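# Topology and contacts: notes
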Amino acid sequence: MRLGLTGSIATGKSTVAEMLKQRGCPIIDADVIAREVVMPGTGTLQKIKEHFGDEILQEDGTLNREKLGSIVFENPEERTHLNEIIHPAIRGEMKRQAEAAESQGAEIIVLDIPLLMESKLEYLVDKVLVVYLPEELQKKRLIERNGYSEKEAVQRISSQMSIEEKRQKADEIIDNSGSIEATEKQVKQLIEKWEASS
Ligand SMILES: CC(C)(COP(=O)(O)OP(=O)(O)OC[C@H]1O[C@@H](n2cnc3c(N)ncnc32)[C@H](O)[C@@H]1O)[C@@H](O)C(=O)NCCC(=O)NCCS
Ligand SMILES: Nc1ncnc2c1ncn2[C@@H]1O[C@H](COP(=O)(O)OP(=O)(O)OP(=O)(O)O)[C@@H](O)[C@H]1O
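Residues numbered from 1 in each chain as written. Chains lettered and ligands numbered in written order. Predicted model: local features only at pLDDT ≥ 70, side-chain atom pairs only at ≥ 80, totals over all residues.

## Focus: unusual backbone geometry
Located in the positive-phi region is Ala10, a residue other than glycine, with phi close to 65°. Summarising the element assignment, Ala10 is placed in the loop between β1 (2-7) and α1 (13-22). (Helix = DSSP H or I, 4+ residues; strand = E, 2+ residues; numbered from the N terminus.)

Dropping the structure here:
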């Protein structure tokens, strides 16, 4: 089964992915792939440079992520443009890795995709699991983790579909507003449920 793991920024996807990994599920991480597909020498990085200009690269030729982030999170049109450049490469690589994990006999394969719903990628997976937090707590954890100002945090949160809407569209929900142990318990119960039904 291909499980789409999603949520919104800082709701706890990586935390839950790590728990699923500990229980033996292979994880395919869209954020990691998003970094790989813009390595120096890739066609994707070339296209980003053509659109955003040479200033978007650092002196060593790698992408200046902070600078690109500050452009695309302030400007929805630029964000759409970046998505059009980078998302096809991410999708292709995710599919390739999922097929490889399946051919090695994995039963539950986790595709960790922050923008699964925004990018309409439900077709890539069999079930969607949303890691949920009320928005106020999401903002608090984001500010604590990244040291963002209130404005930077709100800009990033509002550049995604709201977590309430994602929760309504989910097949399964993990509520990560409690302790790590409480989240761990929900992960365990879900795995047991899937294993019993397979
Ligand atoms: C703009 C970039 C360079 C900023 O890099 P930075 O290192 O600061 O952030 P990072 O990649 O760790 O992303 C952090 C979180 O921001 C959110 N996010 C990233 N890209 C987007 C986007 N295009 N739209 C909305 N939210 C986004 C996601 O929740 C993600 O988990 C980078 O996020 C990027 O290349 N984005 C486009 C690729 C993409 O859509 N990635 C999301 C996974 S599919
Ligand atoms: N149950 C919890 N209690 C307290 N803090 C938590 C809990 N779960 C996660 N966190 C913390 O909240 C922050 C966000 O969690 P995490 O990095 O897993 O989110 P994410 O959804 O993967 O984020 P992103 O979308 O940015 O990749 C981290 O600093 C993490 O340590």
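## Remarks on the site of ligand 2
Lining the immediate surroundings of ligand 2 are 16 residues, of which Lys13, Ser14, Thr15, Arg141 and Arg145 lie closest. If you list the elements that add at least two residues to the shell around ligand 2, you get α1, α6 (135-146) and α9 (180-197). It is α1 that contributes the most residues to the shell around ligand 2, three residues altogether. (Near = placed C-beta within 6 Å.)

## So, the sheet that holds strand β5 (residues 172-175)
Backbone hydrogen bonds are what pair the strands of a sheet, in a parallel or an antiparallel way. Strands sit in the order β2-β3-β1-β4-β5 across an open sheet of five strands; the sheet is parallel. Each of the sheet's edge strands pairs with one partner strand only, and the pair in question is β2 (27-29) and β5. Mean inter-strand twist for the sheet, computed between neighbouring axes without regard to direction, equals 25°. With five bridges joining them, β1 and strand β4 (residues 127-132) adopt parallel strand pairing. Bridge assignment links Leu3 to a residue of β4, and that residue is Lys127. Lying over the sheet, helix α5 (residues 76-103) contacts β1, β2 and β3 (109-112), oriented at roughly 165° with respect to β3. (Pairing = 2+ DSSP bridges. Axes fitted to C-alpha atoms, helices over the stretch in contact; angles between N-to-C directions. Contact = placed C-beta atoms within 7 Å.)

## Some words on the packing of α1 against α9
Axis separation between α1 and α9 bottoms out at 10 Å; the angle between their running directions is 50°. The orientation of α1 relative to α9 falls into the category oblique. The way α1 lies across α9 gives a crossing that is right-handed. For the pair α1 and α9, contact is made by Thr15, Val16, Met19 and Leu20 and by Thr183, Glu184 and Val187, respectively. (Parallel < 35°, antiparallel > 145°, perpendicular 65-115°, else oblique. Left-handed = near helix turned anticlockwise from the far one by under 90°.)

## A few points about the nonpolar core
Of all hydrophobic cores here, the largest spans 31 residues; its most connected members are Leu3, Leu5, Val16, Ile109, Val110 and Leu111. Put simply, the parts of the chain that give this core at least two residues each are β1, α1, α2 (30-36), α5, β3, β4 and α9. Here the element with the most residues in this core is β4; it accounts for five residues. Residues from two domains meet in this core; each of domain 1 (1-26 + 108-198) and domain 2 (32-105) gives at least three. Excluding its chain neighbours within four sequence positions, the residues that come into contact with Leu3 are Ile108, Ile109, Val110, Leu111, Val125, Lys127 and Leu129. Judged by nonpolar contacts, the second largest core, of six residues, contains Val38, Leu45, Leu63 and Ile85. (Core = buried A, V, L, I, M, F, W, Y, C linked by C-beta atoms within 7 Å. Buried ≥ 20, exposed ≤ 12 C-beta atoms within 10 Å, placed from the backbone. Domains from an automatic or database assignment.)

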